[in-house]
Amino acid sequence: MPAGGLLPLFSSPAGSGLGGGLGGGLGGGRKGSGPAAFRLTEKFVLLLVFSAFITLCFGAIFFLPDSSKLLSGVLFHSSPALQPPADRKPGPGARAEDAADGRARRGEEGAPGDPAAALEDNLARIRENHERALREAKETLQKLPEEIQRDILMEKEKVAQDQLSNRVGFKMLPPVDLAPLVGAIDREPADAAIREKRETIKEMMKHAWNNYKRYAWGKNELKPVSKGGHSSSLFGNIQGATIVDALDTLFIMKMKDEFEEAKAWVDENLNFNMNAEVSVFEVNIRFVGGLISAYYLSGEEIFRKKAVELGVKLLPAFHTPSGIPWALLNIKSGIGRNWPWASGGSSILAEFGTLHLEFIHLSYLSGNPIFADKVMNIRTVLNNLEKPQGLYPNYLNPNSGQWAQYHVSVGGLGDSFYEYLLKAWLMSDKTDLQAKKMYFDAIKAIETHLIRKSRNGLTYIAEWKGGLLEHKMGHLTCFAGGMFALGADNAPEGLTQHYLQLGAEIARTCHESYNRTFAKLGPEAFRFDGGVEAIATRQNEKYYILRPEVVETYMYMWRLTHDPKYRKWAWEAVEALEKHCRVKGGYSGLRDVYFHKESYDDVQQSFFLAETLKYLYLIFSDDDLLPLEHWIFNTEAHLLPVLSRDIKKAKVNEK
């Protein structure tokens, strides 16, 4: 620590230097206790001792872990701390980040019930927290005194403003003028064959739901093989992910009794008042998105109340110097942090960039602009940054507000950021021109630097790492076909047909990734190198966890082109799910889609009910069910209505 950095903090009036202050305090009238009594070397020794004392104080305050967590987490081996998977993204649990592979949208926990793994996770977390606190303390002590004081005042003002907004804005929710909903309930398809296929998909939903209810009611997800509950650490102690994720699917499939059961559980049991560290991204897209969607569809006030309550709990995640939110947040203490593996503790583009749609609706439903302000600040930060070759890197440091390593992906770590740019513009009734410009500028750079065509004509989206391409495409990336097609009608002049065709080419490539496996379901990632095309070559990329992205693209392509091949491909996926993933206790993911004997991962992901089955159902429904000009799907397929230009906005509480 620089000596000069401490001296101004403790300077005294003229004539009473550091030595004098100490001497007077210790010796009273002792002879020679003034400044002249200390030689230069003695002053330096005293300064070292004083510096050590200050460092010890900082350590005692900031470095020690929370004792209750240490006792429960380390000594008694409670549920492991929130950590990304060690080798692959899915598996028992959810969609967190893939630590080894570097993808950020869904993930696997460690072995449940393993005390050694739980202890190691907790110790790793404590070490990571200590290192981060040490870095922050060191940075703080190197600042000038006036800078430290200014930072403290700014942080106090920010916290006070947020607390005032929370107290005033959320006690009583204002009335909301709900516009008449278009296409929330449809008629039966006229074609008998299509009607029969749609009924099959509805029966799949009943099978998934009934087994969840029978074996895992109130838990986050179902273990369909072992017939028990599964709770991912992504949600901390919050429970009921499958219930909240399934609400809107139950509603549009007219499963009224099941919807009422789910509503009653939300009213009586959904609780956010707990000491829990959660993934801000996952809780937002699944819980906030699911509750908002259920409110708009049903008009039941409990869903709006719960959505706003949870939104308030997530606001402290934005308490960073740049306003870029933390990935992980303790919703009781308000303390946030980032994944330790994420490029030096950076925030992830696909996570902080996938809050916009839900937070805009939270401001509308609560009458408080604080949610919209938070996500619009993210836009401001991004627009002030220089983009390497027009691309958005996946990692951004929330303290400095600068990019970390230059890794660009339209799959995990980046995917839904681009999706939300386009959908923010569409959801605003095409008034958010900033979002439109950012989206089309971004996909222009993506097409220039990432999109390639294989030797046999398959179009794919590679990953960009510091200027070098990795010719790999993830299952997550397959959503982009639908995104390109959805934005095509409003593309810059002369590009509408181009983007529609690009969407069709991506859909074909992703269909090939399914068609080239034994199970006819696609792997987590597939490659285009070494003479291989659209095939997974690594064992840790061969799994399938009931993902929706491919059928999502089929749905958009069907709605926008009505080419019958998309219904054909969707039905192939239905048949493959029924043949290879259906078990007596629900639906399970597969560990290897190329292996001739099923090896189940024993998790029925909540997004299977929220997304995969919903998209399949819509493909075999008429277009008047949830028409795209009136509804936006969040990245978990939850339904958000377009906020039309003439809609009467809820009044903002000015107090």
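Residues numbered from 1 in each chain as written. Predicted model: local features only at pLDDT ≥ 70, side-chain atom pairs only at ≥ 80, totals over all residues. Heavy atoms only, no water.

**Considerations on the overall build of the protein**
Broken down by element type, the protein carries 21 helices and 18 strands. Every one of the 655 residues in the protein was classed for burial, and the buried ones make up 57%. A total of about 27000 Å² of accessible surface is found on the protein, and carbon and sulfur atoms cover 56% of it. (Helix = DSSP H or I, 4+ residues; strand = E, 2+ residues; numbered from the N terminus. Buried < 20%, exposed > 50% of the residue type's maximum accessible area, 1.4 Å probe, protein only. Areas by Shrake-Rupley, 256 points an atom, 1.4 Å probe, with all protein chains shown as cover.)

**Some words on the packing of aromatic side chains**
For the structure shown, the criterion picks out 26 aromatic pairs. A ring pair is formed by Tyr566 and Trp569, whose centres lie 5.5 Å apart and whose planes are at 85 degrees; its orientation type is edge-to-face. Taken together, the residues span about one helical turn, with Tyr566 and Trp569 both in helix α20 (residues 564-581) at a distance of 3 residues. Given a relative accessible area of 2%, Tyr566 falls into the buried group. Under the relative-accessibility criterion, Trp569 is labelled buried at 11%. Residues Tyr587 and Phe608 carry aromatic rings whose centres are separated by 5.1 Å and whose planes lie at 45 degrees to one another, so their mutual orientation is tilted. (Phe/Tyr/Trp six-rings, centres within 6.5 Å; stacked < 30°, edge-to-face > 60°.)

**As for helix α10 (residues 280-298)**
With 19 residues, α10 extends 26 Å from end C-alpha to end C-alpha; this agrees with the ideal 27 Å at 1.5 Å per step. Along α10, the helix axis deviates most sharply at Gly289, where the bend reaches about 25 degrees. Most of α10 is tucked away: 18 of the 19 residues are buried. Downstream of α10 by a residue or two, Gly299 has a phi angle that is positive, lying close to 75 degrees. (Expected span 1.5 Å × (residues − 1). Bend = angle between axes of the 7 residues up to and from the residue.)

**Here's the deal with the sheet that holds strand β4 (residues 328-330)**
One open sheet holds the 3 strands; their spatial order is β3-β4-β5, and the pairing between them is antiparallel. Edge positions in the sheet fall to β3 (277-279) and β5 (336-337), since each of these pairs with one other strand and no more. Two elements, β4 and β5, share 2 bridges in a ladder whose sense is antiparallel. What sits directly across from Leu329, in β5, is Gly336. Against the sheet, α10 touches β3 and β4, its axis set at about 70 degrees to β3. (Pairing = 2+ DSSP bridges. Contact = heavy atoms within 4.5 Å. Axes fitted to C-alpha atoms, helices over the stretch in contact; angles between N-to-C directions.)

**Some remarks on the nonpolar core**
Ranked by size, the top nonpolar core spans 178 residues in total, and within it Val266, Phe484, Leu521 and Phe633 carry the most contacts. Of all the elements, α10 adds the most residues to this core, at 12 residues. Excluding its chain neighbours within four sequence positions, the residues that come into contact with Phe484 are Tyr439, Ile443, Ile451, Ile461, Tyr499, Leu502, Gly503 and Ile506. (Core = buried A, V, L, I, M, F, W, Y, C linked by side-chain atoms within 4.5 Å.)

**Let's talk about the pattern of salt bridges**
When the charged atoms of two side chains lie near each other, side chains of opposite charge can form a pair. Under the counting rule described, the total for this entry stands at 27 salt bridges. Residue Lys423 is joined to Glu419 by a salt bridge in which the shortest nitrogen-to-oxygen separation is 2.8 Å. In this pair, Lys423 and Glu419 are both assigned in helix α15 (residues 415-427), 4 residues apart and thus about one turn of the helix distant. Note on Lys423: relative accessible area 3%, which makes it buried. In this structure Glu419 comes out as buried when scored by relative accessible area, which is 4%. A single network of salt bridges, built from pairs that share partners, joins Asp186, Glu188, Arg198 and Lys254. (Salt bridge = Lys/Arg side-chain N within 4 Å of Asp/Glu carboxyl O.)

**What to know about the packing of helix α19 (residues 549-561) against helix α21 (residues 606-619)**
For the pair α19 and α21, interaxial distance at closest approach is 9 Å and the crossing angle is 25 degrees. Classified by the interaxial angle, the pair formed by α19 and α21 is roughly parallel. Of the two possible hands of crossing, α19 and α21 adopt the one that is left-handed. Together, Val551, Glu552, Tyr554, Met555, Trp558 and Arg559 of α19 and Thr612, Tyr615, Leu616, Leu618 and Ile619 of α21 make up the contact between the two elements. Here the contact of α19 with α21 is built from residues that sort into 8 nonpolar, 1 polar and 2 charged. (Parallel < 35°, antiparallel > 145°, perpendicular 65-115°, else oblique. Left-handed = near helix turned anticlockwise from the far one by under 90°. Nonpolar A, V, L, I, M, F, W, Y, C, P; charged D, E, K, R; others polar.)

**Side note on the side chain of Ser232**
Relative to the elements of secondary structure, Ser232 occurs in the loop between β2 (228-230) and α8 (241-252). A polar contact of 3.1 Å, which involves the side chain of Ser232, links it to the backbone nitrogen of Leu234. (Polar contact = N/O pair within 3.5 Å; in protein donor to acceptor, adjacent residues only side chain to side chain.)

**Observations concerning the environment of Met204**
Structurally, Met204 can be placed in helix α7 (residues 192-216). Its relative accessible area of 0% is what places Met204 among the buried residues. Placed 383 residues apart in sequence, Met204 and Tyr587 show a C-alpha to C-alpha distance of 8.9 Å. Each residue touching Met204, except ones within four places of it in the same chain, is listed here: Val574, Leu577, Glu578, Tyr587 and Leu613.

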